[in-house]
Amino acid sequence: MPKLKVTVDPDLCIAAASCMGSAPKFFHMDDDNRAVVAAADGSEAFFQILDVTDAEKADLLEATSSCPTTAITVEVVVS
Ligand code: SF4
């Protein structure tokens, strides 16, 4: 199962929300209209280490490429 480090740079996020269209399970908006990364345990933060399926990994990579300000970074911890 892939393990990914997913990060949102809050200084770059402009609340365009395309990440939520691509991977709604993993991106939510915080009270300041910035995307945060949601983990399976319900926690939300600007970065998370996530165990994901291959399909979820594809969704996260699509979200990364869809972000107009390149605010999202996905690093592969385990492929
Ligand atoms: S797509 Fe990028 S700019 Fe838009 S909410 Fe997501 S992280 Fe923020």
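Predicted model, so just to flag it, every value in this text is computed and none were measured.

**Looking at the sheet that holds strand E4 (residues 44–45)**
Reading across from one edge, E2-E3-E4 is the order of the 3 strands in this open sheet, with antiparallel pairing throughout. On the outer flanks of this sheet lie strand E2 (27–29) and E4, each paired with one strand and no other.

**Let's talk about the sheet that holds strand E5 (residues 47–51)**
The sheet built from 3 strands is open, its strands ordered E5-E1-E6 with antiparallel pairing. Edge positions in the sheet fall to E5 and strand E6 (72–78), since each has one partner strand and no second. Sheet twist, expressed as the mean angle between neighbouring strand axes with direction ignored, is 20 degrees. Here strand E1 (residues 3–8) pairs with E6 via 6 bridges, running antiparallel. Bridge assignment links Val6 to a residue of E6, and that residue is Val74. Seen against the sheet, helix H2 (residues 54–66) touches E1 and E6 and runs at an angle of roughly 150 degrees to E6.

Calculation criteria
Residues numbered from 1 in each chain as written. Predicted model: local features only at pLDDT ≥ 70, side-chain atom pairs only at ≥ 80, totals over all residues. Pairing = 2+ DSSP bridges. Helix = DSSP H or I, 4+ residues; strand = E, 2+ residues; numbered from the N terminus. Axes fitted to C-alpha atoms, helices over the stretch in contact; angles between N-to-C directions. Contact = placed C-beta atoms within 7 Å.

These figures capture arrangement, not role.
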